Every structure is written in structure tokens, then in C-alpha cells.
Amino acid sequence: MPLWLIPTFYAVASIAAGFLLPRLEINLLTARLEMSISSAQAYLSAVASGMMALTGIVFSIAFVLVQFNAVVYSPRLVIWFARDRLLFHSLGMFVATFMYSLATLAWVDRQDGQGVPFLSAAIVAAMLVASVLMLAQLVQRLNNLQIMRVLQELGDTGRSVIASTYAGLPWSTSEQAAPRQQQFEEYALTVKHIGNPQSVIAIDIAKLVEHARQVNGLVVMECAVGDTLLEDTAILHANVANSVAFKRRLVSCIHMGDQRTFEQDPKYAIRLLVDVAIKALSPAINDPTTAVQAIDQIEDLLRRLAKQDLDACRAFDRDGVLRVIYQMPTWEDYLALAFDEIRQFGSTSIQVMRRLRSALVELAGCISSERAKGVHTYLEHLDSGIERSSFDPEDRAAARIEDRQGLGLSHRLEGDAEASTRPAERARWLGS
């Protein structure tokens, strides 16, 4: 549902209630509020005028804070904050309270009303209390814009996406990616993107499997979740007869939008965490501690990804027949996305280098030996970068010490004070 419909629903509901409830109260209820007419008018006028002023002030502050923090963290976080449903529910409640207060005010001391409507005045009071509670929740949500809460929220979202993307798939997969035995020219049907650039936000593999099974065909995806499709970009190929109706059914399985989302895209959470880290490492901000805190979340996501079957790029139907070949990031893709830019932009920070070494060494010690080889290779690349850096010999030695806090607590082998400066021995020790 589009988010703008939320405050619209509140407004329409309050207008309808303002027309119906006072009339029903006049005709069916005899109870009247024991309050003077002038006091009731002052009360309802104060609620109505106060709600509009509160709406303007609160949302001006909210969007200024969102914009400020998005500039500090990442421009891609603007929509993530601005699409918070609490903002729209709060706006809807404030508008509804304002409009219903005006409707009740119109029925005070009407010729057929004989006083102040009791039920409507009570509803206004209840809506005012609900608005105050929503305001408190909104203030708490703005408090969540602190850097640690933002990083934790991104990490939680990434962990949730990893679990939903790789666990309990509704189709059968294989352990290894399928080699493409056929050339694209052999596929009779090709679906291309027509229109403005759009991002792939989700692919319904289960439906693609079912569609391919019905025509006894094979679908090969040329795009992956997170890709931006341009005019005439190939989306998929299929070894079935070229049919407009079948094309439409296949296209309906590819969900696209104006920008990337977290749905089916663990890379996006890592992308945003890396954005926060490299923005903190920029000369304008120069905050390596924030980059270290972002690496904490990135390392946790990599540990969880390392336990998944990242090579499961084939989908089979219920009879075990291969129906869909799709694209998923490899372990090396995740590793490069997580650390390449931080390594490059943080090459002048001893704190960042120490935290990166700690992340890589400990990651290599807790994953399978096959994937640990890639981590060891990356660790050697990091060490060679430290050797080529502008650090003096003492700083180079300090940068090659593993430290989960960046600068705070180095992890040395017991009885060997120089072990942490020898990355190969350290890595082999942790892997044994």
C-alpha cells in the first residue's frame, strides 16, 4: 500500500465520523457534557489549532533530522528513514484529531443539539491522548537516528534478509552453480526491459519454476536482485516458443522499482553499512571509530553468510527437473563488497587497519577451509597495502596488530609478543 494512503485514510475516516457521529448522538443519546458552551468551544478550538501547529513543528524537525543524518551517514538512507510508517500514522492521527475537533465544534450549542455533545467531546479527548502517545513514539524514533542505533538497525535488517533469502527456500536447489552448457542464441525466447531505468527488487523464483514446468522449459536469469535495468537490457532467456502471453507471465515474476530495497538483497544491507563507514572516513568527517563500529555489523553478517549455501543458483521442480538458473552473489563478491572500499578509504587509519585485520583473522577461523582461503588471500592483500602505505615502521607494526576495538585491546598470542605482527602465522594458528 502506498504510504500516502495512510494519512488519507485517517482524514477520510475523521470526516465521515464528523458527519455521522454527532447526528447519531443527537438523535439517539440524551447525555450532554456538563460544561459551559464557552468552555467547550475554547477546549475544542485549542485542540484543533494546537494539533495543526504541532503537526508543522514535529514534522519540520523530523525531516530536518532525517536529512541531516542521511547526509552524515548515506544519501541512500533518506528513503529508509522517510518511509517509516510511524511518521505517516502520526501525521494521520494529528490530522484526524484536528478535523474531528472542528466537526465537534460545529455541533456545540446548535439549535437541535441543546448543549455540548458528550460522546464527541470524549472522542476528541481520546484522540488527543492517542496523538500525545504517537508524539512520544515519534520522539523515540528520532532518538534511533543515533549512529549506534542506525548501525544496529541496518545489521538487524541484514540478518533478517539473510535468513529469509537462504533459509527454507520454497524450491529445490543444488549445492553447486550450474554451468551453462548452451549459448544464449539457442534460447528461442528473450525478455528485455523496456522503459526507464529500474532496479530489480525481488524475483519470484517459485513462480518462475512453476511457469517453466508448465511448458517443460528452462529459464535462465540474466539479471539479479539489485541490478539496474536499462533500455533493452536482457532480463531472462528461455528455451521455449516465443509467446507474448508467456513473456508477460515471466515478467510478472520480476518485481522492479525506482531503487533497491532490502527484499531478497543481503548485499544492500552491507552496501549501506559500507556507505556509513566510508562516509565516516572522508576528510570532511574523519571519524574512524564509526567505521570500526560499522565493521562490527559487517563481520557479523559475513559470519552468517559463510554458513549459507551461496552457490545454490539452480531451482528444480517437484520432479527434480532443472527449471531456473539464477544469479546470486558468491563468497568473494560479499568479501569484496564488505571490505574493499573500507580498506581503500581507511588505508591511512591505524584504527581501521587493526579492526579489519581482526575481522579477517577471526572470520577465517570460524568458517570452512574453502572459504577461509579467500579470507587469507584478502588478509595478505591488506598486509601488502599496509607495507606500501606512508606509515613509518612503528605505525606499520601497530597497524598489523589485530584489535576488535581498533585502538583499545590488541589480541596477542600468549607468550609471543611478536606473533600479532606475523599475519601468516597468526592466521594459521587461528585456523588450526
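Above this text is the structure in question.
Residues numbered from 1 in each chain as written. Predicted model: local features only at pLDDT ≥ 70, side-chain atom pairs only at ≥ 80, totals over all residues. Heavy atoms only, no water.

*Asks:* I'm lost on the overall build of the protein in this one. Help?
*Replies:* Scanning the protein from N- to C-terminus turns up 15 helices and 10 strands. Across the 432 residues in the protein, those meeting the buried criterion constitute 44%. When contacts within the protein are restricted to residue pairs at least 6 apart in sequence, those whose partners lie at least 24 apart make up 77%. When the accessible surface of the protein is summed, it comes to about 21400 Å², and 57% of that surface belongs to carbon and sulfur atoms. (Helix = DSSP H or I, 4+ residues; strand = E, 2+ residues; numbered from the N terminus. Buried < 20%, exposed > 50% of the residue type's maximum accessible area, 1.4 Å probe, protein only. Contact = heavy atoms within 4.5 Å. Areas by Shrake-Rupley, 256 points an atom, 1.4 Å probe, with all protein chains shown as cover.)

*Asks:* Sorry, what's going on with the environment of Val 352 here?
*Replies:* Residue position: Val 352 is located in helix H12 (residues 350-364). With 71 residues separating them along the chain, Val 352 and Leu 281 place their C-alpha atoms 9.3 Å apart.

*Asks:* For this particular structure, what's the right way to read the sheet that holds strand E8 (residues 254-257)?
*Replies:* Taken in spatial order, the 3 strands of this open sheet run E6-E4-E8, and their pairing is antiparallel. Since the sheet does not close on itself, it has two edges, and those belong to strand E6 (228-229) and E8, each with one partner. When strand E4 (residues 198-203) meets E8, the two strands line up antiparallel, connected through 4 bridges. Paired with Val 200 across the strands is Met 256, a residue of E8. (Pairing = 2+ DSSP bridges.)

*Asks:* Honestly, unusual backbone geometry in this entry has me stumped. Any pointers?
*Replies:* Trans is the prevailing form of peptide bonds, just as negative phi is the prevailing case for residues other than glycine. Phi angles above zero are rare outside glycine, and Asn 216 is one such case at about 55 degrees. Looking at the secondary structure, you find Asn 216 in the loop between helix H7 (205-214) and strand E5 (219-221). In this structure Asn 216 comes out as exposed when scored by relative accessible area, which is 58%. Unlike most non-glycine residues, Asp 232 shows phi in positive territory, near 70 degrees. Mapped onto the elements of the fold, Asp 232 is located in the loop between E6 and strand E7 (234-238).

*Asks:* Which parts of the structure should I look at to understand the pattern of salt bridges?
*Replies:* By the definition in use, this model includes 21 salt bridges. When the shortest N-O distance is used, the salt bridge between Asp 403 and Arg 354 registers 3.0 Å. Of the two residues, Asp 403 is situated in the loop between helix H14 (393-399) and helix H15 (423-431) and Arg 354 in helix H12; the sequence distance between them amounts to 49 residues. Here the two residues Asp 403 and Arg 354 agree in accessibility, since each one is buried. (Salt bridge = Lys/Arg side-chain N within 4 Å of Asp/Glu carboxyl O.)

*Asks:* Could you clarify how one ought to interpret a nonpolar patch on the surface in this entry?
*Replies:* A contiguous nonpolar patch, built from Ile 15, Phe 19, Leu 20, Leu 24 and Leu 28 and spanning about 530 Å² of accessible area, is present on the exposed surface. Relative to the elements of secondary structure, Leu 20 occurs in helix H1 (residues 5-28). (Patch = residues over 30% accessible without salt bridge, like charges linked within 9 Å, V, L, I, M, F, W, Y side chains within 5 Å.)

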